[in-house]
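Architecture at a glance
Take a look at the letters that make up each chain.
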Amino acid sequence: MTEKILVLGSNGQIGTELVTALRNTYGESNVVACDIRRPDYDIKNSGPFEFVNVLEKDTLNTIFNKYKPTQVYLLAALLSATGEQNPKLAWDLNMNGLLNILDLAIVYKTAKVYWPSSIAVFGPNSPKDNTDQFCVMDPNTVYGISKLAGERWCEYYHQKFGLDVRSIRYPGLISWKAAPGGGTTDYAIHIFHDALKKGNYDCFLSAETELPMLYMDDAIRGTIQLMDAPADQISIRSSYNFAGLSFTPEVLASEIRKHIPDFKLSYTANDPRQQIADSWPRSINDEIAKNDWGWKPEFNLSKMTADMLTNLKNK
Ligand code: VAH
């Protein structure tokens, strides 16, 4: 059967790359990019696009009825930092957007649904190192609270209605193609742009703030690998712990200096994102994803840094 795939939130950091990857696999006309904002040139000119607000259930119903999707990827969300500036919108978009999609997936018998969670589901009392799949989870950002609640809803819809919904707790995602959108980990993207443009970067997180990160190439490959895995290999129906690499701003700066020797890193203290970062783990245990369906990251710090700088120079 031909796959017909909806990607909601297609203009975002993940969406722009996921749409391209899915179109390469399933054919451009079979992957419908959907977003509330006009798409960028590449997305618009490589396949179908629909203006969709995931909070408008009537519009969503029209789109589901038009395309009868076999897979739906819901990426639309407000991230951690932006979410704290607009808590009620963050909760509404992240929670009701998900519930709208889960309900319509049942009605239209969508075969598979993908919804990203985040390591933001962990909080100040979660273990900080090699954090397990199951542990104390007391997120204190609206983003983290909405992702934890969303995980519970995904598992509920799987258990009660048999919906094949799958999810990954992404670490901070690093990419060069699309601009980052309001995350706490986005310093690890801006630093590359400023290193090339100005030779220096002023970081809003402190030098010793270690966070779990993942290069976008690994995130996209891992997401599609999860969605392609046989259902009987999926033991986690809330959201899989996922890890790539963990580093501090200082460690990242040292790696950048191997390419730009004079690069200077400074710090601005008292940024509200520091509190968010301090509530998250330093590293994640993703053994279950590795054992269930063979997940394995390919980008370490040196390979990621070289790839980021090369591609940003050529962009
Ligand atoms: C954020 N990039 O910073 C996202 C991510 C783990 C962090 O979820 O909000």
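Residues numbered from 1 in each chain as written. Predicted model: local features only at pLDDT ≥ 70, side-chain atom pairs only at ≥ 80, totals over all residues. Heavy atoms only, no water.

As recorded in an unreviewed UniProt entry, the protein chain goes by the name NAD-dependent epimerase, listed as coming from Pedobacter antarcticus 4BY. We quote the UniProt Sequence similarities (unreviewed entry) comment for the protein chain here in full: "Belongs to the NAD(P)-dependent epimerase/dehydratase family." (UniProt positions renumbered as here; feature names shortened; annotations may be inferred.)

**A look at the environment of glutamate 255**
Relative to the helices and strands, glutamate 255 resides in helix H9 (residues 249–257). Residue glutamate 255 is classed as buried on the basis of its relative accessible area of 8%. For the pair glutamate 255 and glutamine 13, spaced 242 residues apart in sequence, the C-alpha to C-alpha distance is 23 Å. Excluding residues that lie within four positions of it along the chain, glutamate 255 makes contacts with Leu301, Ser302 and Thr305. Looking at glutamate 255, its side chain comes within polar contact range of the side chain of lysine 258, at 2.9 Å. (Helix = DSSP H or I, 4+ residues; strand = E, 2+ residues; numbered from the N terminus. Buried < 20%, exposed > 50% of the residue type's maximum accessible area, 1.4 Å probe, protein only. Contact = heavy atoms within 4.5 Å. Polar contact = N/O pair within 3.5 Å; in protein donor to acceptor, adjacent residues only side chain to side chain.)

**Regarding the pairing of strand S1 (residues 5–8)**
The side chains of a regular strand alternate, residue by residue, between the two faces of the sheet. A two-sided burial pattern is seen for S1, the buried positions comprising Ile5 and Val7 on one face and Leu6 and Leu8 on the other. Where S1 meets strand S2 (residues 31–35), four bridges bridge the pair, whose relative direction is parallel. Bridge pairing links leucine 6 to valine 32 in S2. Once you follow S1 into helix H1 (residues 13–26) and on to S2, the crossover reads as right-handed. (Pairing = 2+ DSSP bridges. Right-handed = clockwise from strand over helix to strand, strands pointing away.)

**Let's talk about the UniProt feature "domain: NAD-dependent epimerase/dehydratase" (unreviewed entry) in the protein chain**
Summarizing the sequence annotation, UniProt attributes the feature "domain: NAD-dependent epimerase/dehydratase" (unreviewed entry) to residues 5–232 in the numbering used throughout. From the first C-alpha to the last, residues 5–232 spans 22 Å; its make-up is 44% helix and 17% strand.

**Some details on the sheet that holds strand S12 (residues 240–241)**
Taken in spatial order, the three strands of this open sheet run S6-S8-S12, and their pairing is parallel. Edge strands, defined here as strands with exactly one partner in the open sheet, are strand S6 (117–118) and S12. Here S6 runs beside strand S8 (residues 168–170); their pairing, made up of two bridges, is parallel. Along S8, the bridge assignment pairs serine 118 with tyrosine 170.

**Observations concerning the sheet that holds strand S7 (residues 165–166)**
Two orientations exist for strands paired in a sheet by backbone hydrogen bonds: parallel and antiparallel. The six strands lie next to each other as S3-S2-S1-S4-S5-S7, forming an open sheet whose pairing is parallel. At either end of the open sheet lies a strand with only one pairing partner, and these are strand S3 (49–51) and S7. Relative to strand S4 (residues 71–74), S1 runs parallel, the two sharing four bridges. Looking at S4, one finds that leucine 6 is bridged to valine 72. Where helix H5 (residues 87–107) meets the sheet, it contacts S1, S4, strand S5 (112–114) and S7, and its direction lies at approximately 175° from that of S4. (Axes fitted to C-alpha atoms, helices over the stretch in contact; angles between N-to-C directions.)

**As for the packing of helix H7 (residues 187–197) against H9**
At a minimum axis distance of 11 Å, the contact between H7 and H9 shows a crossing angle of 30°. Put simply, H7 runs roughly parallel to H9. For the pair H7 and H9, the sense of crossing is right-handed. Contacts from Tyr187, Ala188, Ile191, Phe192 and Ala195 in H7 reach Pro249, Leu252 and Ile256 in H9. Taken together, the residues of the contact of H7 with H9 sort by class into eight nonpolar, no polar and no charged. (Parallel < 35°, antiparallel > 145°, perpendicular 65-115°, else oblique. Left-handed = near helix turned anticlockwise from the far one by under 90°. Nonpolar A, V, L, I, M, F, W, Y, C, P; charged D, E, K, R; others polar.)

**Let's talk about the environment of alanine 21**
In this structure, alanine 21 sits in helix H1. Note: C-alpha distance between alanine 21 and isoleucine 220 (199 residues apart in sequence) is 7.6 Å. Among all residues touching alanine 21, those that are not within four sequence positions of it are Ile220 and Ile224.

**Observations concerning the domain arrangement of the protein chain**
As far as domains go, the protein chain holds domain 1 (5–172 + 215–241) and domain 2 (173–213 + 244–284 + 298–314). One C-alpha centre belongs to domain 1, the other to domain 2; they are set 24 Å apart. At the interface, 32 residues of domain 1 touch 31 residues of domain 2. For the pair domain 1 and domain 2, the summed buried surface comes to about 2,800 Å²; carbon and sulfur atoms form 57% of the total. Ranking the residues of domain 1 by area buried against domain 2 places Gln13, Gly172 and Tyr215 at the top, with a combined share of 30%. Counting every contact that joins domain 1 to domain 2 gives three salt bridges. (Domains from an automatic or database assignment. Buried area = accessible area lost by both parts, 1.4 Å probe. Salt bridge = Lys/Arg side-chain N within 4 Å of Asp/Glu carboxyl O.)

**Focus: the site of the ligand**
Taken together, the neighbourhood of the ligand is formed by Leu79, Ser80, Ser118, Ile119, Tyr143, Tyr170, Pro171, Gly172, Gly183, Thr184, Thr185 and Trp280. Serine 118 is positioned with one of its side-chain polar atoms (N or O) 2.8 Å from an oxygen atom of the ligand. One nitrogen or oxygen atom from the main chain of threonine 184 is found 2.7 Å from an oxygen atom belonging to the ligand. For the shell around the ligand, the class distribution of residues is six nonpolar, six polar and no charged. For the shell around the ligand, the domains that each give at least three residues are domain 1 (5–172 + 215–241) and domain 2 (173–213 + 244–284 + 298–314). (Near = heavy atom within 4 Å.)

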